[in-house]
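Read off the chains here:
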Amino acid sequence: MTKKWWHNKVAYQIYPKSFYDSNGDGIGDLMGIISKLDYLKDLGIDLIWLSPCYQSPLADEGYDISDYYQIDPRFGTMDDMELLIAEAKKRGMYILMDLVINHCSDEHEWFRKACEDPDGEYGNFFYLRDKKEGELPTNWRSYFGGPVWDDLPGTNKQYLHVFHKKQPDLNWENPKLREEVYRNINWWLEKGLGGFRIDAIINIKKALPFKNYQPDRDDGLSNIGNMLQEAHGIGEFLGEMRDRTFKNFDAFTVGEVFNEKPEEIPAFIGENGYFSSMFDFNETVCGGSEKGWYDARPITPEEYKKSCFEAQAKVGNAGFLSNIIENHDEPRGVSRYIPQGDCCTQSKKMLAALNFMLRGIPFIYQGQELGMENMPFTSIEEVDDISTLNEYQTALKAGLSPQDALSAVSRYSRDNARTPMQWSNEPNAGFTTGTPWIKVNPNYTTINAAAQQDDPDSVKNFYKQLIALRKHPDYQETIVYGSLEPVWEEQHNLMAYFRKGERTLLVIGNYQKEPQSVELPADCKHVLLNNDSILKLNRHTLYLNGYQVVILEL
(Lines give C-alpha, C1' and ligand atoms only; values in the text may rest on other atoms or scores of the structure.)
Protein backbone atom coordinates (compact mmCIF):
# COMPACT_ATOMS: atom_id res chain seq x y z
CA MET A 1 0.00 0.00 0.00
CA THR A 2 1.28 3.43 -0.94
CA LYS A 3 1.41 5.53 2.21
CA LYS A 4 -0.73 8.67 2.02
CA TRP A 5 -0.71 11.84 4.11
CA TRP A 6 -4.13 11.10 5.60
CA HIS A 7 -3.50 7.55 6.81
CA ASN A 8 -2.33 8.56 10.29
CA LYS A 9 -4.87 11.35 10.79
CA VAL A 10 -7.72 11.70 13.27
CA ALA A 11 -10.91 13.36 12.02
CA TYR A 12 -13.61 15.36 13.79
CA GLN A 13 -17.05 16.10 12.40
CA ILE A 14 -18.66 19.46 13.09
CA TYR A 15 -22.37 20.12 12.63
CA PRO A 16 -21.99 23.89 12.18
CA LYS A 17 -25.52 24.82 13.24
CA SER A 18 -24.98 23.25 16.66
CA PHE A 19 -21.26 23.67 17.37
CA TYR A 20 -20.71 27.24 18.66
CA ASP A 21 -22.62 30.46 18.11
CA SER A 22 -20.38 33.54 17.96
CA ASN A 23 -23.04 36.22 17.47
CA GLY A 24 -25.93 35.26 19.75
CA ASP A 25 -28.51 34.44 17.10
CA GLY A 26 -28.94 30.88 18.37
CA ILE A 27 -27.26 29.26 15.36
CA GLY A 28 -23.69 28.00 15.27
CA ASP A 29 -21.44 29.64 12.69
CA LEU A 30 -18.03 29.63 11.03
CA MET A 31 -16.57 32.28 13.34
CA GLY A 32 -17.66 30.07 16.22
CA ILE A 33 -15.72 27.17 14.72
CA ILE A 34 -12.65 29.36 14.28
CA SER A 35 -12.83 30.33 17.95
CA LYS A 36 -12.71 26.64 18.93
CA LEU A 37 -9.84 25.51 16.68
CA ASP A 38 -7.41 25.51 19.61
CA TYR A 39 -9.78 23.21 21.53
CA LEU A 40 -9.64 20.76 18.60
CA LYS A 41 -5.88 21.14 18.22
CA ASP A 42 -5.39 20.38 21.92
CA LEU A 43 -7.53 17.25 21.52
CA GLY A 44 -5.23 16.10 18.69
CA ILE A 45 -7.51 16.55 15.68
CA ASP A 46 -6.06 16.75 12.14
CA LEU A 47 -9.08 16.70 9.80
CA ILE A 48 -12.23 18.75 10.40
CA TRP A 49 -15.29 17.75 8.40
CA LEU A 50 -18.02 20.39 8.24
CA SER A 51 -21.57 19.29 7.57
CA PRO A 52 -23.09 21.55 4.87
CA CYS A 53 -22.81 25.29 5.33
CA TYR A 54 -23.62 26.17 1.71
CA GLN A 55 -26.56 28.40 0.87
CA SER A 56 -29.71 26.42 1.56
CA PRO A 57 -33.35 26.74 2.59
CA LEU A 58 -32.53 24.04 5.21
CA ALA A 59 -35.41 21.72 4.34
CA ASP A 60 -32.99 18.92 5.24
CA GLU A 61 -30.62 20.96 7.40
CA GLY A 62 -28.32 22.06 4.58
CA TYR A 63 -28.31 18.86 2.53
CA ASP A 64 -30.54 20.75 0.10
CA ILE A 65 -28.11 23.17 -1.54
CA SER A 66 -29.40 26.16 -3.49
CA ASP A 67 -25.95 27.54 -4.39
CA TYR A 68 -22.77 25.47 -4.25
CA TYR A 69 -20.60 28.59 -4.52
CA GLN A 70 -22.04 30.49 -1.54
CA ILE A 71 -21.90 30.18 2.24
CA ASP A 72 -25.32 30.43 3.84
CA PRO A 73 -25.61 33.79 5.66
CA ARG A 74 -26.76 31.93 8.78
CA PHE A 75 -23.24 30.53 9.07
CA GLY A 76 -21.22 33.51 7.86
CA THR A 77 -19.52 34.62 4.68
CA MET A 78 -17.04 33.30 2.14
CA ASP A 79 -14.42 35.46 3.89
CA ASP A 80 -15.16 33.54 7.09
CA MET A 81 -14.71 30.23 5.24
CA GLU A 82 -11.40 31.33 3.75
CA LEU A 83 -10.27 32.48 7.21
CA LEU A 84 -11.26 29.11 8.67
CA ILE A 85 -9.22 27.26 6.04
CA ALA A 86 -6.23 29.54 6.72
CA GLU A 87 -6.46 29.32 10.52
CA ALA A 88 -6.77 25.53 10.38
CA LYS A 89 -3.73 25.36 8.12
CA LYS A 90 -1.71 27.41 10.65
CA ARG A 91 -2.43 24.69 13.18
CA GLY A 92 -1.56 21.84 10.82
CA MET A 93 -5.21 20.93 10.31
CA TYR A 94 -7.28 20.42 7.16
CA ILE A 95 -10.87 21.44 6.44
CA LEU A 96 -13.17 18.96 4.69
CA MET A 97 -16.53 20.02 3.30
CA ASP A 98 -19.62 17.94 2.64
CA LEU A 99 -20.05 17.16 -1.05
CA VAL A 100 -23.79 16.80 -1.74
CA ILE A 101 -24.11 15.91 -5.42
CA ASN A 102 -26.86 13.31 -5.67
CA HIS A 103 -29.37 16.13 -5.41
CA CYS A 104 -29.63 19.88 -5.01
CA SER A 105 -32.39 22.14 -3.68
CA ASP A 106 -35.56 22.91 -5.59
CA GLU A 107 -34.51 26.53 -5.05
CA HIS A 108 -31.32 26.03 -7.08
CA GLU A 109 -31.09 27.99 -10.30
CA TRP A 110 -30.88 24.74 -12.31
CA PHE A 111 -34.22 23.53 -10.99
CA ARG A 112 -35.91 26.88 -11.52
CA LYS A 113 -34.76 26.84 -15.15
CA ALA A 114 -36.00 23.27 -15.52
CA CYS A 115 -39.44 24.41 -14.37
CA GLU A 116 -39.39 27.23 -16.92
CA ASP A 117 -38.37 24.94 -19.78
CA PRO A 118 -38.57 21.23 -18.86
CA ASP A 119 -37.62 20.19 -22.40
CA GLY A 120 -34.60 22.51 -22.45
CA GLU A 121 -31.00 22.13 -21.31
CA TYR A 122 -31.73 22.23 -17.57
CA GLY A 123 -34.65 19.85 -17.74
CA ASN A 124 -32.05 17.22 -18.52
CA PHE A 125 -30.18 18.08 -15.29
CA PHE A 126 -32.95 16.16 -13.49
CA TYR A 127 -35.07 13.04 -13.93
CA LEU A 128 -38.36 14.25 -15.40
CA ARG A 129 -41.27 12.11 -16.57
CA ASP A 130 -44.65 12.97 -18.08
CA LYS A 131 -47.42 13.06 -15.52
CA LYS A 132 -50.09 10.35 -15.84
CA GLU A 133 -53.31 10.79 -13.91
CA GLY A 134 -53.58 8.32 -11.04
CA GLU A 135 -50.25 6.67 -11.85
CA LEU A 136 -46.68 7.35 -10.72
CA PRO A 137 -43.68 6.75 -13.01
CA THR A 138 -42.43 4.19 -10.43
CA ASN A 139 -43.50 2.91 -7.02
CA TRP A 140 -40.23 3.64 -5.20
CA ARG A 141 -40.44 4.93 -1.63
CA SER A 142 -38.22 7.88 -0.72
CA TYR A 143 -35.83 7.70 2.23
CA PHE A 144 -38.09 10.12 4.09
CA GLY A 145 -41.29 8.26 3.27
CA GLY A 146 -43.88 8.66 0.50
CA PRO A 147 -43.31 8.37 -3.26
CA VAL A 148 -40.14 9.64 -4.93
CA TRP A 149 -42.17 11.57 -7.51
CA ASP A 150 -43.68 15.05 -7.23
CA ASP A 151 -45.22 17.46 -9.71
CA LEU A 152 -42.80 19.80 -11.46
CA PRO A 153 -44.34 23.22 -10.77
CA GLY A 154 -46.04 24.85 -13.74
CA THR A 155 -45.66 21.82 -16.01
CA ASN A 156 -47.32 18.50 -16.87
CA LYS A 157 -44.26 16.60 -15.66
CA GLN A 158 -43.02 15.03 -12.45
CA TYR A 159 -39.49 14.98 -11.02
CA LEU A 160 -37.59 12.35 -9.04
CA HIS A 161 -36.40 12.90 -5.46
CA VAL A 162 -35.15 9.92 -3.48
CA PHE A 163 -34.89 12.13 -0.37
CA HIS A 164 -37.08 15.17 0.51
CA LYS A 165 -39.36 16.66 -2.13
CA LYS A 166 -37.24 19.81 -1.95
CA GLN A 167 -34.18 17.72 -2.97
CA PRO A 168 -34.56 16.88 -6.68
CA ASP A 169 -32.12 14.20 -7.86
CA LEU A 170 -29.46 15.28 -10.34
CA ASN A 171 -29.20 13.34 -13.59
CA TRP A 172 -25.66 11.97 -13.61
CA GLU A 173 -26.27 10.34 -16.99
CA ASN A 174 -26.00 13.88 -18.44
CA PRO A 175 -22.34 14.83 -19.17
CA LYS A 176 -23.16 18.55 -18.89
CA LEU A 177 -24.37 18.05 -15.33
CA ARG A 178 -21.19 16.17 -14.44
CA GLU A 179 -19.05 18.98 -15.85
CA GLU A 180 -20.82 21.48 -13.59
CA VAL A 181 -20.21 19.24 -10.57
CA TYR A 182 -16.49 18.84 -11.37
CA ARG A 183 -16.08 22.58 -11.91
CA ASN A 184 -17.47 23.26 -8.46
CA ILE A 185 -15.32 20.59 -6.75
CA ASN A 186 -12.15 22.00 -8.29
CA TRP A 187 -13.18 25.55 -7.36
CA TRP A 188 -13.31 24.55 -3.70
CA LEU A 189 -10.10 22.51 -3.79
CA GLU A 190 -8.31 25.50 -5.28
CA LYS A 191 -9.36 27.44 -2.17
CA GLY A 192 -7.27 25.06 -0.09
CA LEU A 193 -9.73 22.45 1.16
CA GLY A 194 -8.15 19.20 2.30
CA GLY A 195 -10.96 17.23 0.68
CA PHE A 196 -14.56 16.13 1.06
CA ARG A 197 -16.98 13.80 2.76
CA ILE A 198 -19.21 12.60 -0.06
CA ASP A 199 -22.90 12.35 0.75
CA ALA A 200 -25.30 9.59 -0.35
CA ILE A 201 -23.11 8.85 -3.35
CA ILE A 202 -24.45 5.36 -4.16
CA ASN A 203 -27.71 7.01 -5.22
CA ILE A 204 -26.23 8.81 -8.24
CA LYS A 205 -26.58 5.66 -10.37
CA LYS A 206 -30.14 4.58 -11.07
CA ALA A 207 -31.23 1.28 -12.59
CA LEU A 208 -32.31 2.10 -16.13
CA PRO A 209 -34.89 1.85 -17.56
CA PHE A 210 -37.05 2.73 -14.56
CA LYS A 211 -39.49 0.06 -13.39
CA ASN A 212 -41.68 -0.91 -10.43
CA TYR A 213 -40.65 -3.33 -7.69
CA GLN A 214 -42.63 -5.56 -5.33
CA PRO A 215 -44.39 -3.38 -2.70
CA ASP A 216 -43.16 -4.05 0.85
CA ARG A 217 -45.55 -1.96 2.96
CA ASP A 218 -49.26 -1.14 3.01
CA ASP A 219 -48.54 2.11 1.13
CA GLY A 220 -48.00 0.09 -2.06
CA LEU A 221 -44.45 1.41 -2.40
CA SER A 222 -41.10 -0.35 -2.54
CA ASN A 223 -37.89 0.39 -0.61
CA ILE A 224 -35.53 2.48 -2.75
CA GLY A 225 -32.81 -0.07 -2.03
CA ASN A 226 -34.50 -2.56 -4.33
CA MET A 227 -33.78 -0.28 -7.28
CA LEU A 228 -30.23 0.46 -6.15
CA GLN A 229 -29.43 -3.27 -6.04
CA GLU A 230 -30.05 -3.41 -9.78
CA ALA A 231 -28.08 -0.24 -10.59
CA HIS A 232 -24.77 -1.09 -12.26
CA GLY A 233 -21.98 1.08 -13.63
CA ILE A 234 -21.53 3.66 -10.90
CA GLY A 235 -17.77 3.18 -11.20
CA GLU A 236 -17.73 5.01 -14.51
CA PHE A 237 -19.04 8.13 -12.79
CA LEU A 238 -16.88 7.81 -9.68
CA GLY A 239 -13.67 7.06 -11.59
CA GLU A 240 -14.25 10.04 -13.85
CA MET A 241 -14.91 12.32 -10.85
CA ARG A 242 -11.73 11.11 -9.10
CA ASP A 243 -9.57 11.69 -12.16
CA ARG A 244 -11.06 15.09 -12.97
CA THR A 245 -10.93 16.47 -9.42
CA PHE A 246 -9.61 14.78 -6.26
CA LYS A 247 -6.58 13.12 -7.83
CA ASN A 248 -5.17 16.37 -9.15
CA PHE A 249 -5.09 17.86 -5.63
CA ASP A 250 -4.13 14.71 -3.67
CA ALA A 251 -7.32 15.39 -1.71
CA PHE A 252 -8.70 13.21 1.06
CA THR A 253 -12.17 11.85 0.34
CA VAL A 254 -14.46 9.67 2.41
CA GLY A 255 -17.58 8.22 0.86
CA GLU A 256 -20.94 7.61 2.46
CA VAL A 257 -21.25 4.22 0.80
CA PHE A 258 -24.05 1.76 1.52
CA ASN A 259 -24.85 -1.58 -0.10
CA GLU A 260 -21.45 -1.99 -1.75
CA LYS A 261 -20.62 -5.49 -2.88
CA PRO A 262 -17.49 -7.08 -1.31
CA GLU A 263 -15.78 -7.43 -4.68
CA GLU A 264 -16.23 -3.67 -5.26
CA ILE A 265 -14.26 -2.58 -2.17
CA PRO A 266 -10.82 -2.36 -3.87
CA ALA A 267 -12.40 -0.20 -6.58
CA PHE A 268 -13.90 2.11 -3.95
CA ILE A 269 -10.96 2.48 -1.53
CA GLY A 270 -8.06 0.45 -2.95
CA GLU A 271 -4.75 1.65 -4.35
CA ASN A 272 -6.42 3.78 -7.02
CA GLY A 273 -9.85 3.85 -5.41
CA TYR A 274 -12.63 6.25 -6.17
CA PHE A 275 -12.21 7.54 -2.60
CA SER A 276 -9.49 7.61 0.04
CA SER A 277 -11.79 5.88 2.50
CA MET A 278 -15.42 5.02 3.20
CA PHE A 279 -17.43 4.89 6.38
CA ASP A 280 -18.17 1.65 8.20
CA PHE A 281 -21.95 1.59 8.70
CA ASN A 282 -22.13 -2.09 9.67
CA GLU A 283 -22.97 -1.24 13.28
CA THR A 284 -25.47 1.53 12.48
CA VAL A 285 -27.73 -0.74 10.41
CA CYS A 286 -27.64 -3.64 12.87
CA GLY A 287 -31.02 -4.25 14.46
CA GLY A 288 -32.88 -2.19 11.87
CA SER A 289 -36.23 -3.18 10.40
CA GLU A 290 -37.85 -2.69 7.01
CA LYS A 291 -41.04 -1.78 8.87
CA GLY A 292 -39.50 1.32 10.44
CA TRP A 293 -37.71 2.55 13.55
CA TYR A 294 -40.56 1.45 15.80
CA ASP A 295 -39.74 -2.17 14.95
CA ALA A 296 -35.95 -1.87 15.38
CA ARG A 297 -34.32 -3.67 18.29
CA PRO A 298 -31.37 -2.59 20.43
CA ILE A 299 -27.98 -3.90 19.33
CA THR A 300 -26.33 -6.25 21.85
CA PRO A 301 -22.62 -6.23 22.78
CA GLU A 302 -22.19 -9.49 20.87
CA GLU A 303 -23.79 -7.97 17.77
CA TYR A 304 -21.65 -4.85 18.03
CA LYS A 305 -18.52 -6.99 18.23
CA LYS A 306 -19.60 -9.12 15.29
CA SER A 307 -20.49 -6.07 13.19
CA CYS A 308 -17.09 -4.44 13.73
CA PHE A 309 -15.16 -7.61 12.96
CA GLU A 310 -17.25 -8.37 9.86
CA ALA A 311 -16.51 -4.92 8.45
CA GLN A 312 -12.79 -5.25 9.20
CA ALA A 313 -12.63 -8.71 7.57
CA LYS A 314 -14.53 -7.51 4.51
CA VAL A 315 -12.03 -4.73 3.85
CA GLY A 316 -8.90 -6.49 5.11
CA ASN A 317 -5.82 -4.73 3.77
CA ALA A 318 -7.55 -3.50 0.60
CA GLY A 319 -7.90 0.01 1.98
CA PHE A 320 -8.94 2.14 4.94
CA LEU A 321 -12.36 2.31 6.54
CA SER A 322 -13.40 5.44 8.39
CA ASN A 323 -14.68 4.24 11.75
CA ILE A 324 -17.53 5.98 13.56
CA ILE A 325 -19.55 5.61 16.74
CA GLU A 326 -22.00 8.32 15.71
CA ASN A 327 -22.56 11.16 13.24
CA HIS A 328 -25.18 13.78 12.38
CA ASP A 329 -27.53 11.11 10.98
CA GLU A 330 -27.36 8.75 13.96
CA PRO A 331 -28.29 8.83 17.64
CA ARG A 332 -25.57 9.20 20.24
CA GLY A 333 -23.37 6.11 20.24
CA VAL A 334 -23.14 5.72 24.01
CA SER A 335 -26.96 5.62 24.18
CA ARG A 336 -27.10 3.14 21.31
CA TYR A 337 -24.27 0.68 21.89
CA ILE A 338 -24.10 0.56 25.69
CA PRO A 339 -26.88 -1.54 27.27
CA GLN A 340 -29.65 0.53 28.82
CA GLY A 341 -28.85 1.50 32.40
CA ASP A 342 -25.11 0.90 32.02
CA CYS A 343 -24.16 4.26 30.45
CA CYS A 344 -21.38 5.71 32.64
CA THR A 345 -17.90 7.16 32.31
CA GLN A 346 -16.27 3.71 32.41
CA SER A 347 -18.50 2.18 29.70
CA LYS A 348 -18.17 5.29 27.50
CA LYS A 349 -14.38 4.97 27.61
CA MET A 350 -14.59 1.26 26.80
CA LEU A 351 -16.69 1.96 23.70
CA ALA A 352 -14.28 4.72 22.67
CA ALA A 353 -11.21 2.47 22.85
CA LEU A 354 -12.81 -0.52 21.12
CA ASN A 355 -13.82 1.66 18.17
CA PHE A 356 -10.82 3.97 18.05
CA MET A 357 -8.24 1.19 17.88
CA LEU A 358 -9.84 -0.54 14.90
CA ARG A 359 -7.87 -0.44 11.67
CA GLY A 360 -8.83 2.65 9.72
CA ILE A 361 -9.29 6.38 10.19
CA PRO A 362 -11.10 7.33 13.40
CA PHE A 363 -13.85 9.95 13.11
CA ILE A 364 -15.10 11.70 16.24
CA TYR A 365 -18.43 13.53 16.09
CA GLN A 366 -18.77 16.76 18.06
CA GLY A 367 -19.56 15.99 21.70
CA GLN A 368 -18.64 12.32 21.33
CA GLU A 369 -15.39 13.10 23.10
CA LEU A 370 -17.47 14.28 26.07
CA GLY A 371 -19.74 11.24 26.10
CA MET A 372 -22.81 13.27 25.12
CA GLU A 373 -26.01 11.23 25.34
CA ASN A 374 -29.39 11.03 23.62
CA MET A 375 -31.93 13.78 24.22
CA PRO A 376 -34.88 12.96 26.52
CA PHE A 377 -37.70 14.12 24.22
CA THR A 378 -40.97 14.79 26.04
CA SER A 379 -43.08 15.72 23.00
CA ILE A 380 -42.97 15.24 19.23
CA GLU A 381 -43.22 19.04 19.03
CA GLU A 382 -39.61 19.17 20.25
CA VAL A 383 -38.45 17.26 17.16
CA ASP A 384 -37.02 19.12 14.17
CA ASP A 385 -35.73 16.22 12.04
CA ILE A 386 -37.95 15.37 9.06
CA SER A 387 -36.86 11.73 9.15
CA THR A 388 -37.97 11.37 12.78
CA LEU A 389 -41.32 13.04 12.06
CA ASN A 390 -41.92 10.57 9.21
CA GLU A 391 -40.97 7.58 11.37
CA TYR A 392 -43.31 8.85 14.10
CA GLN A 393 -46.22 8.80 11.64
CA THR A 394 -45.17 5.30 10.50
CA ALA A 395 -45.26 4.13 14.11
CA LEU A 396 -48.72 5.63 14.68
CA LYS A 397 -50.03 3.93 11.53
CA ALA A 398 -48.65 0.64 12.87
CA GLY A 399 -50.88 1.01 15.90
CA LEU A 400 -48.53 2.45 18.52
CA SER A 401 -49.85 5.01 20.97
CA PRO A 402 -48.45 8.55 20.65
CA GLN A 403 -46.36 7.96 23.80
CA ASP A 404 -44.96 4.64 22.57
CA ALA A 405 -44.34 6.07 19.09
CA LEU A 406 -42.37 8.97 20.57
CA SER A 407 -40.37 6.59 22.74
CA ALA A 408 -39.58 4.37 19.74
CA VAL A 409 -38.42 7.13 17.39
CA SER A 410 -36.55 9.02 20.12
CA ARG A 411 -34.01 6.20 20.35
CA TYR A 412 -32.95 6.71 16.73
CA SER A 413 -33.73 10.38 16.05
CA ARG A 414 -31.09 12.35 14.19
CA ASP A 415 -31.85 15.26 16.53
CA ASN A 416 -30.05 13.37 19.30
CA ALA A 417 -26.77 14.31 17.63
CA ARG A 418 -27.93 17.78 16.60
CA THR A 419 -28.56 19.24 20.04
CA PRO A 420 -26.05 22.02 20.83
CA MET A 421 -22.50 21.15 21.77
CA GLN A 422 -22.16 21.20 25.55
CA TRP A 423 -19.31 23.60 26.29
CA SER A 424 -20.03 24.48 29.92
CA ASN A 425 -22.67 24.52 32.66
CA GLU A 426 -23.56 28.10 31.79
CA PRO A 427 -27.03 28.81 30.29
CA ASN A 428 -27.63 26.97 26.99
CA ALA A 429 -24.51 24.88 27.69
CA GLY A 430 -22.36 27.87 26.71
CA PHE A 431 -23.38 27.30 23.07
CA THR A 432 -25.11 30.67 22.60
CA THR A 433 -26.04 33.84 24.48
CA GLY A 434 -29.32 33.84 22.55
CA THR A 435 -32.10 31.29 22.12
CA PRO A 436 -30.72 28.04 20.64
CA TRP A 437 -32.36 26.87 17.40
CA ILE A 438 -32.97 23.47 18.99
CA LYS A 439 -33.36 22.49 22.62
CA VAL A 440 -30.22 21.83 24.68
CA ASN A 441 -29.90 18.44 26.39
CA PRO A 442 -30.69 19.14 30.07
CA ASN A 443 -27.73 17.00 31.22
CA TYR A 444 -25.32 19.74 30.06
CA THR A 445 -24.87 20.80 33.68
CA THR A 446 -22.88 17.62 34.34
CA ILE A 447 -21.67 16.62 30.86
CA ASN A 448 -19.70 19.50 29.35
CA ALA A 449 -16.25 20.36 28.04
CA ALA A 450 -15.33 22.78 30.82
CA ALA A 451 -15.99 20.21 33.53
CA GLN A 452 -13.89 17.60 31.74
CA GLN A 453 -11.00 19.77 30.59
CA ASP A 454 -8.83 19.39 33.69
CA ASP A 455 -10.28 16.13 34.99
CA PRO A 456 -7.68 13.41 34.26
CA ASP A 457 -10.38 10.73 34.51
CA SER A 458 -12.84 12.38 32.10
CA VAL A 459 -14.09 10.89 28.86
CA LYS A 460 -12.53 13.81 26.99
CA ASN A 461 -9.08 13.18 28.41
CA PHE A 462 -9.41 9.48 27.65
CA TYR A 463 -10.04 10.39 23.99
CA LYS A 464 -7.01 12.67 24.17
CA GLN A 465 -4.93 9.72 25.41
CA LEU A 466 -6.25 7.49 22.61
CA ILE A 467 -5.26 10.08 20.01
CA ALA A 468 -1.83 10.54 21.58
CA LEU A 469 -1.28 6.77 21.54
CA ARG A 470 -2.20 6.60 17.84
CA LYS A 471 0.41 9.29 17.12
CA HIS A 472 3.10 7.94 19.44
CA PRO A 473 6.26 7.32 17.39
CA ASP A 474 6.72 3.86 18.92
CA TYR A 475 3.19 2.68 18.09
CA GLN A 476 1.93 4.74 15.17
CA GLU A 477 3.13 2.32 12.49
CA THR A 478 1.39 -0.62 14.15
CA ILE A 479 -1.86 1.20 14.92
CA VAL A 480 -2.15 2.79 11.48
CA TYR A 481 -0.87 0.02 9.20
CA GLY A 482 -0.85 -3.11 11.35
CA SER A 483 -3.25 -5.99 10.80
CA LEU A 484 -6.31 -6.57 12.97
CA GLU A 485 -6.87 -10.07 14.32
CA PRO A 486 -9.90 -10.83 16.54
CA VAL A 487 -9.29 -13.07 19.54
CA TRP A 488 -11.58 -14.87 22.01
CA GLU A 489 -14.53 -14.20 19.70
CA GLU A 490 -16.62 -16.89 21.42
CA GLN A 491 -16.23 -15.39 24.90
CA HIS A 492 -19.54 -13.73 25.72
CA ASN A 493 -19.54 -9.93 25.97
CA LEU A 494 -15.80 -9.72 25.51
CA MET A 495 -14.45 -7.81 22.52
CA ALA A 496 -10.74 -8.25 21.94
CA TYR A 497 -8.35 -8.00 19.03
CA PHE A 498 -4.66 -7.81 18.20
CA ARG A 499 -3.08 -5.00 16.21
CA LYS A 500 0.06 -6.52 14.76
CA GLY A 501 2.88 -4.76 12.93
CA GLU A 502 6.24 -3.64 14.22
CA ARG A 503 4.82 -4.38 17.65
CA THR A 504 2.02 -6.54 19.01
CA LEU A 505 -0.81 -4.71 20.76
CA LEU A 506 -3.86 -6.29 22.38
CA VAL A 507 -7.11 -4.37 22.87
CA ILE A 508 -9.50 -6.03 25.36
CA GLY A 509 -12.87 -4.71 26.47
CA ASN A 510 -15.22 -6.30 29.00
CA TYR A 511 -18.55 -5.38 27.42
CA GLN A 512 -20.71 -5.97 30.51
CA LYS A 513 -20.99 -4.84 34.13
CA GLU A 514 -20.05 -8.26 35.52
CA PRO A 515 -16.29 -9.00 35.80
CA GLN A 516 -14.60 -11.65 33.69
CA SER A 517 -11.09 -12.87 32.95
CA VAL A 518 -8.87 -13.99 30.05
CA GLU A 519 -5.60 -15.86 29.76
CA LEU A 520 -3.03 -13.75 27.92
CA PRO A 521 -1.05 -15.60 25.23
CA ALA A 522 2.24 -13.88 26.16
CA ASP A 523 3.85 -11.67 28.76
CA CYS A 524 2.61 -8.11 29.07
CA LYS A 525 5.45 -5.68 28.31
CA HIS A 526 3.52 -2.43 28.81
CA VAL A 527 0.06 -1.28 29.80
CA LEU A 528 -0.59 1.46 27.26
CA LEU A 529 -4.08 2.46 28.36
CA ASN A 530 -6.56 1.42 31.06
CA ASN A 531 -9.92 3.02 31.80
CA ASP A 532 -10.04 1.59 35.33
CA SER A 533 -8.21 2.70 38.47
CA ILE A 534 -6.68 -0.75 38.90
CA LEU A 535 -5.31 -3.56 36.76
CA LYS A 536 -5.54 -7.11 38.09
CA LEU A 537 -2.96 -9.22 36.26
CA ASN A 538 -1.75 -12.45 37.89
CA ARG A 539 0.97 -13.87 35.64
CA HIS A 540 -0.99 -14.43 32.41
CA THR A 541 -4.48 -14.15 33.89
CA LEU A 542 -6.09 -10.74 33.33
CA TYR A 543 -9.12 -9.95 35.51
CA LEU A 544 -11.39 -7.30 34.07
CA ASN A 545 -13.90 -5.23 36.01
CA GLY A 546 -17.22 -4.27 34.49
CA TYR A 547 -16.72 -2.25 31.27
CA GLN A 548 -12.97 -2.20 31.79
CA VAL A 549 -10.88 -1.81 28.64
CA VAL A 550 -7.11 -2.16 28.42
CA ILE A 551 -4.59 -1.76 25.64
CA LEU A 552 -1.48 -3.85 26.21
CA GLU A 553 1.81 -4.34 24.43
CA LEU A 554 2.77 -8.01 24.50
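A brief structural summary.

1. Thoughts on the environment of glycine 287
No. 1: By secondary structure assignment, the location of glycine 287 is in the loop between α10 (282-285) and α11 (301-315).
No. 2: As for glycine 287 and isoleucine 299, which are separated by 12 residues in sequence, their C-alpha atoms are 5.8 Å apart.
No. 3: When neighbours within four sequence positions are excluded, glycine 287 is seen to be in contact with Ala296 and Arg297.

2. Regarding empty space enclosed by the protein
No. 1: This model, assessed by the stated rule, comprises three cavities of 30 Å³ or more.
No. 2: Each pocket or cavity is described by its volume, and for the largest cavity that value is around 50 Å³.
No. 3: Of all the elements in the fold, those that place two or more residues in the lining of the largest cavity are α13 (345-356) and α17 (459-471).
No. 4: By residue number, the principal contributor to the lining of the largest cavity is α13, which donates three residues.

3. Looking at the pairing of strand β15 (residues 361-365)
No. 1: The buried fraction of β15 amounts to five of the five residues, a majority that puts the element mostly inside the structure.
No. 2: Of the two faces of β15, the one carrying Ile361, Phe363 and Tyr365 and the one carrying Pro362 and Ile364 are both buried.
No. 3: Pairing of strand β1 (residues 11-14) with β15, which is carried by three bridges, proceeds in the parallel orientation. Residue pairing for β15: tyrosine 12 is matched across the bridge by isoleucine 364.
No. 4: Here two bridges tie strand β14 (residues 320-323) to β15, and the two strands are oriented parallel to one another.

4. Things to note about the sheet that holds strand β6 (residues 128-130)
No. 1: The strand order β6-β9-β8 describes an open sheet built from three strands, whose pairing is antiparallel. Strands at the two margins of the open sheet, each flanked by one partner only, are β6 and β8 (149-151). Within the sheet, the average angular offset between the axes of one strand and its neighbour, ignoring direction, is 35°.
No. 2: Pairing analysis gives three bridges linking β8 to strand β9 (residues 157-160), with the strands arranged antiparallel. Bridge pairing in β9 places tryptophan 149 opposite leucine 160.

5. A few points about the sheet that holds β15
No. 1: Around the barrel, which closes on itself, the eight strands sit in the order β1-β2-β5-β10-β12-β13-β14-β15 with parallel pairing between neighbours. Neighbour-to-neighbour, the strand axes of this sheet turn through a mean angle of 25°, independent of strand direction.
No. 2: Across the face of the sheet, helix α6 (residues 175-190) comes into contact with β5 (94-99) and β10 (195-198) while running at roughly 135° to β10.

6. Describing the packing of α6 against helix α8 (residues 234-249)
No. 1: α8 packs onto α6 with a crossing angle of 20° between their chain directions and a minimal axis gap of 9 Å. Comparing the axis directions of α6 and α8 gives the class roughly parallel. Crossing handedness for the pair α6 and α8: right-handed. Where α6 approaches α8, its residues Arg178, Glu179, Tyr182, Ile185, Asn186, Leu189 and Glu190 are matched on the opposing element by Phe237, Glu240, Met241, Arg244, Thr245, Phe246 and Phe249.
No. 2: Residues that form the contact of α6 with α8 fall into these classes: seven nonpolar, two polar and five charged.

Cut-offs applied
- Residues numbered from 1 in each chain as written.
- Predicted model: local features only at pLDDT ≥ 70, side-chain atom pairs only at ≥ 80, totals over all residues.
- Heavy atoms only, no water.
- Helix = DSSP H or I, 4+ residues; strand = E, 2+ residues; numbered from the N terminus.
- Contact = heavy atoms within 4.5 Å.
- 1 Å grid on protein atoms, 1.4 Å probe; cavity = no way out; pocket = protein on both sides within 12 Å on 5 of 7 lines; lining within 4 Å.
- Points joined across faces, edges and corners; volume = space filled by probe spheres on them.
- Buried < 20%, exposed > 50% of the residue type's maximum accessible area, 1.4 Å probe, protein only.
- Pairing = 2+ DSSP bridges.
- Axes fitted to C-alpha atoms, helices over the stretch in contact; angles between N-to-C directions.
- Parallel < 35°, antiparallel > 145°, perpendicular 65-115°, else oblique.
- Left-handed = near helix turned anticlockwise from the far one by under 90°.
- Nonpolar A, V, L, I, M, F, W, Y, C, P; charged D, E, K, R; others polar.

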